[in-house]
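# Geometric and topological summary
Below are the chains, spelled out letter by letter.
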Amino acid sequence: MIATPDIALLQPAEPTAEQAQAAIAEEFGYFSDWTERYQYLIDLGRKLPEFPQEWRIDEFKVTGCQSQVWLVPGGNAGHVEFRAISDSSIVSGLIALLLRVYSGRPASEILATEPRFVEAIGLSRHLSPTRSNGLAAMLVAIRQYAGALDA
């Protein structure tokens, strides 16, 4: 298990991961085309919390992403917290969506929550294969950490 830095525990915006997914689907429904949706993703990525330079190390790097992605886990089985960042604007937006759904939740809820928002908002049809692989790699990393805590 990776030794993680202390992460301030935050409360998620929605009470459950499923409610977060429903809110994401509703928000993306306001946009008429994918140009607007990509811009919204980029805007979400710009709102990610500060990510300290000392966390940008190989220990926290997500493998399988074309872009550089760092994911720092923290907390315990009852409240798993994640901080993440990417050097890509769109990937940072994807991170913001993942954190909204999974961060601040119990490990058991993380493991029980399938990322239905990906299909609901059409991401699966509009991401390049490399970005799709990166999204899958981030999901694997999130689930692995939650699984280790839930064991």
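Residues numbered from 1 in each chain as written. Predicted model: local features only at pLDDT ≥ 70, side-chain atom pairs only at ≥ 80, totals over all residues. Heavy atoms only, no water.

### Re the packing of helix H1 (residues 17–29) against helix H3 (residues 89–102)
The interhelical angle for the contact between H1 and H3, taken along N-to-C directions, is 145°, at an axis separation of 7 Å. Residue-level contacts link Ala-17, Ala-20, Gln-21, Ala-23, Ile-24, Glu-27 and Phe-28 of H1 to Leu-97, Arg-100 and Val-101 of H3. Looking at the contact of H1 with H3 residue by residue, the class counts come to seven nonpolar, one polar and two charged. (Axes fitted to C-alpha atoms, helices over the stretch in contact; angles between N-to-C directions. Helix = DSSP H or I, 4+ residues; strand = E, 2+ residues; numbered from the N terminus. Contact = heavy atoms within 4.5 Å. Nonpolar A, V, L, I, M, F, W, Y, C, P; charged D, E, K, R; others polar.)

### Quick notes on the pairing of strand E2 (residues 79–86)
Looking along a regular strand, one sees side chains alternate from face to face of the sheet. Counting buried residues in E2 gives eight out of eight residues, a clear majority hidden from the surface. Residues His-79, Glu-81, Arg-83 and Ile-85 of E2 are buried on one face, and the alternating residues Val-80, Phe-82, Ala-84 and Ser-86, pointing to the opposite face, are buried as well. Inspection of the sheet shows strand E1 (residues 69–76) paired to E2 by eight bridges, in the antiparallel sense. Residue Gly-75 lies in a different strand from E2, and its bridge partner there is Val-80. The antiparallel hairpin formed by E1 and E2 contains two residues in its connecting segment. (Buried < 20%, exposed > 50% of the residue type's maximum accessible area, 1.4 Å probe, protein only. Pairing = 2+ DSSP bridges.)

### Observations regarding helix H7 (residues 129–150)
Compared with an ideal rise of 1.5 Å per residue, which puts 22 residues at 32 Å, H7 spans 31 Å between its outermost C-alpha atoms and is within 8% of the ideal. All buried positions along H7 are accounted for by Gly-134, Leu-135, Ala-137, Met-138, Leu-139, Ile-142, Tyr-145 and Ala-146. Tucked inside the fold, the buried residues of H7 contact E1, E2, H3, helix H4 (107–112) and helix H5 (117–120). (Expected span 1.5 Å × (residues − 1).)

### Let's talk about the pattern of salt bridges
Taken as a whole and judged by the stated rule, the model has seven salt bridges. Linking Glu-14 and Arg-100 is a salt bridge whose minimum nitrogen-to-oxygen distance equals 2.6 Å. Of this pair, Glu-14 sits in the segment before H1 while Arg-100 is found in helix H3, placing the two residues 86 residues apart along the sequence. Judged on exposure class, the residue Glu-14 and its partner Arg-100 are both buried. Put simply, Arg-116 and Glu-18 hold a salt bridge, and the shortest N to O gap is 2.6 Å. In this pair, Arg-116 sits in the loop between H4 and H5 while Glu-18 sits in helix H1, placing the two residues 98 residues apart along the sequence. Note on Arg-116: relative accessible area 47%, which makes it partly exposed. The network of salt bridges with common partners includes Glu-14, Glu-27 and Arg-100. (Salt bridge = Lys/Arg side-chain N within 4 Å of Asp/Glu carboxyl O.)

### Topic: the confidence of the model for the protein chain
Per-residue confidence for the protein chain gives a mean pLDDT of 90; residues scoring 70 or more make up 92%. By mean pLDDT, helix H6 (residues 123–126) is the weakest element of the protein chain at 87, and H4 is the strongest at 97. (pLDDT = per-residue confidence, 0-100.)

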